[in-house]
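Descriptive structure summary
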Amino acid sequence: MTAVLEQTAGVAASSRRGAILSVRDLKTYFATPAGEVKAVDGLSFDLRAGQVLGLVGESGSGKSVTGFSIVRLIEPPGRIVGGEISFKGQELTGASLEEMRRLRGRHIAMIFQDPMMTLNPVLRIDTQMIEAIQAHERVPIAEARARARDALGKVGIPSPEERLKAYPHQFSGGMRQRVAIATALLNQPDLIIADEPTTALDVTIQAQILAEVQKLTRDTNTAVIWISHDLSVVSGMADEVAVMYAGRIVEAGPVAEVINAPRHPYTAGLIGSLPSRNRRGERLRQIHGMTPNLLDLPEGCAFRTRCDHADEACRREPGLFARHGHVHRCFHPCREDA
Amino acid sequence: MVEQALAPEVLEPTVANRQPVITLRGVSRTFGTPPSALARFAERFGGAKSKPTIVHAVDSVDLTVRKGEVLGLVGESGCGKSTLGRIIAGIMPPSSGEVLWRGRRLSELSPRERRAAKLRIQMIFQNPFASLNPRASVAEIVGEAPRIHHLIEGDEGAYVDEQLRRAGLDPSFKSRFPHQFSGGQRQRIGIARALAVQPEFLVCDEAVAALDVSIQAQILNLFMDLREQLDLTYLFISHDLGVVEHLSDRVAIMYLGRIVEEATVEEIFSRPNHPYTQALLEEIPRIETQKRAYTALKGELPSPLAPPPGCPFHPRCPNAFDRCKMEKPALRDVAADHRSACHLNDR
């Protein structure tokens, strides 16, 4: 039932049943002149069909690198140095490029913050969408075109038949993101990885996109990894949430539990600093210090230099503490009733 | 939250009676190119009339910012909120209309007074990476303007240190360059630079939008502390309603170059009048609502190049009727210190 799990073998084995994606101890490092950056450092989680996992973190927490690692789009100097990614029983970390090419776009689709990373600016929308279908299936053009039109209609683009003939620059930002989402849906993937897909959009447009994605996961049973820095959006979208800090998941569990009763001081700090959690006009509760430099992390718990709960014990690496599918990495967690 | 009936007499002494710092009267700003000389020449000799491409970024706005208040300015991208902020900050002249500084027209002021007035309003920008000169040290960035304007009495080094400390930066970093700082620290440098010329009014244009969540709270706290210490007035421009609700005394909502609603923060959030404000409040994601169903407002922000006739919001408005398609609604009082531009109020 839970996305993130203890690494004990027994629990892991039982939870893997029914999971379409299972990530174990994933490590993605970047070799830089200044040293080795451990962008993702020992990440584990599971995802079932139809489930929405919110992956939350600040810049540099490794949330995007996690998404890119799953589809193996990490480029040098980055490298997956350890761990397993099992997608529908297939091991991805060792898969050949040809195998990955067959999976990407067909079974695993990705939506980026900037839709122009998906769309080719010099090709018409229909050309691009038909190509995305024919890359994986032998389908007559007319049929592929009809599928593309239906996909555009599904994400709420008015008069899709005419819009198929348009170029990306003829769409607004919100409409482009819809086209990118429609393209991701073309082959009815089992998993969509959405990396900050609504961050660049206005509030009213964001709400439209969120409504579409919600409807789609309901109708097609697609699993979604929703990567975002925005706890409020994740809270409204996800079934499970995993909070990342300095390359690790520091807390994870069902969204209501994590948001309403956070255990890790970092999660609690993030939630507590939101203006809506503070009395109007008063100072906001704040996490002091800066987002960490991955080359210069404190020993033990990476959050300890910014944490009010920290003491000598935190110089050691905290393991995963779990209760009823709500896990955290902290020696001095916030009280559950707090 | 206890809902209070805000009787006018209760409000008067706190908000309405304060000295206006900036008053805008019918301020508009257009961008675009008038027809070229060649096109005008052709037109004169019977050629086709060329259509100028003109955007009304700000369209006849009346607005007052009073001493000591925080006015939140909210709107979606392209609504003209940044342009309005720049006009108020004095770094962009309006195409038409008047800007009054403490009740006096800018055009009436002597050049010397006008310069002094401009210095009293400073701006904090959204992007702390683009708004700092990458080749100047922090000491130069913060010290340059007060030196030129002869605001420093005594040692410049000590003066710069004081500004940095006030913005929450360690003065020992002052010989460093912007690229050596994180986003949050750079925003503090921008704040120190603005404070160095001793302003009374800060225009913050999406000043925390580019920052990480944990850093955002620190900068917002800094703004609130400075307000108390220095008795500052703010125009706080943001698309983030949560931030605006927290910080502001009054809120103005913009749509397609026009202010569609303006009221105290309590009024806006408890009794929004304009359908656009209502939709914004409805759709803002809130952490309190888990696994909610989003119901989206139809349509998109129309292009400001071709704004719809009548009320600019009518194509998306769930309650629009015939009059909305023809007649632009004026901003009018709907309650004490609460103005809204909607024909529904006449029904």
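Before reading on, note that the structure itself is shown above.
Along each chain, numbering runs from 1 in the same order as the chain's sequence is written. Whichever chain is written first is A, and whichever ligand is written first is 1; the rest continue in order. Residue-level local features of this predicted model are given only where pLDDT is at least 70; pairs of side-chain atoms are given and counted only at 80 or more, and the full residue set underlies all totals for whole chains, interfaces and linings. Side-chain figures throughout are based on the complete set of non-hydrogen atoms in the structure, without hydrogens or water.

Another point: the overall build of chain B. Segments assigned H or I by DSSP are reported as helices when at least four residues long, segments assigned E as strands when at least two residues long, and all are numbered from the N terminus. Of the regular secondary structure elements, chain B holds 12 helices and 12 strands. Relative to a compact globule of 347 residues, whose C-alpha radius of gyration would be 20 Å, chain B shows 22 Å and is just as compact. Its C-alpha atoms put chain B at 65 × 65 × 45 Å along the principal axes. A 1.4 Å probe rolled over the protein chains alone gives each residue an accessible area, and that area as a share of the maximum for its type sets the label: buried under 20%, exposed over 50%, partly exposed in between. Burial status across chain B gives 49% buried among its 347 residues. The contact definition used throughout considers only heavy atoms, calling two residues in contact when any of these lie within 4.5 Å. For chain B, long-range pairs separated by at least 24 residues make up 69% of all intrachain contacts whose partners lie at least 6 apart in sequence. Using a 1.4 Å probe, accessible areas were evaluated by the Shrake-Rupley method; residue-level cover was limited to the displayed protein chains. When the accessible surface of chain B is totalled, it reaches about 16,300 Å², and 52% of it is carbon and sulfur. The average position of the 43 basic charges and that of the 42 acidic charges among the side chains of chain B differ by 7 Å. As defined in this context, the radius of gyration uses C-alpha atoms, and a globule is described by 2.2 Å times the residue total to the power 0.38. When charges are counted, Lys and Arg are positive and Asp and Glu negative, with His and the chain ends excluded. Taken as the charge location is NZ of Lys, CZ of Arg, CG of Asp or CD of Glu.

All names here are of chain B. Note on definitions: salt bridges are taken to be side-chain nitrogens of Lys or Arg within 4 Å of carboxyl oxygens of Asp or Glu. In total, this model carries 41 salt bridges over all chains according to the counting rule given. The salt bridge partner of Asp161 is Lys174, with a shortest N-O separation of 2.9 Å. You can see Asp161 sitting in helix H6 (residues 156-166) and its partner Lys174 sitting in the loop between H6 and helix H7 (183-195), a full 13 residues away along the chain. Looking at Asp161, the relative accessible area reads 17%, which means it is buried. Notably, a salt bridge pairs Glu267 with Arg271, separated by 2.5 Å at the nearest N-O pair. On the basis of relative accessible area, Arg271 is assigned to the partly exposed category, the value being 35%.

Now for the pairing of strand E9 (residues 250-255) of chain B. All names here are of chain B. Burial analysis of E9 places 6 of its 6 residues in the buried class, which makes it a mostly covered element. Residues Arg250, Ala252 and Met254 point to one face of E9 and Val251, Ile253 and Tyr255 to the other, with burial holding for every one of them. Relative to E9, strand E3 (residues 70-74) is paired through 4 bridges, and the arrangement is parallel. If you follow Leu73 over to E9, its bridge partner there is Ala252. A loop of 2 residues connects E9 with strand E10 (residues 258-264), the two strands running antiparallel in sequence, and Leu256 in this loop sits at a positive phi of about 50°. In short, DSSP must find at least two bridges between two strands for them to pair.

Attention shifts here to the sheet that holds strand E9 (residues 240-245) of chain A. Residue and element names in this part refer to chain A. Strand order in this open sheet of 8 strands is E6-E7-E8-E3-E9-E10-E12-E11, and the pairing throughout is mixed. Looking at the sheet topology across the chains shown, the edges are occupied by strand E6 (108-111) and strand E11 (321-323). Neighbour-to-neighbour, the strand axes of this sheet turn through a mean angle of 15°, independent of strand direction. Direction of pairing for E11 relative to strand E12 (residues 326-328): antiparallel, over a ladder of 3 bridges. By the bridge assignment, Phe321 is partnered in E12 with His328. Geometry is summarised by axes, namely lines fitted to C-alpha atoms with helices restricted to the contacting stretch, and by angles between N-to-C directions that run from 0 to 180 degrees. The strands touched by helix H7 (residues 173-185) are E6 and strand E7 (191-195); relative to E6, the strand with the most contacts, the crossing angle is about 175°. On the sheet, helix H11 (residues 265-272) packs against E9 and strand E10 (248-254) and is oriented at approximately 105° with respect to E9.

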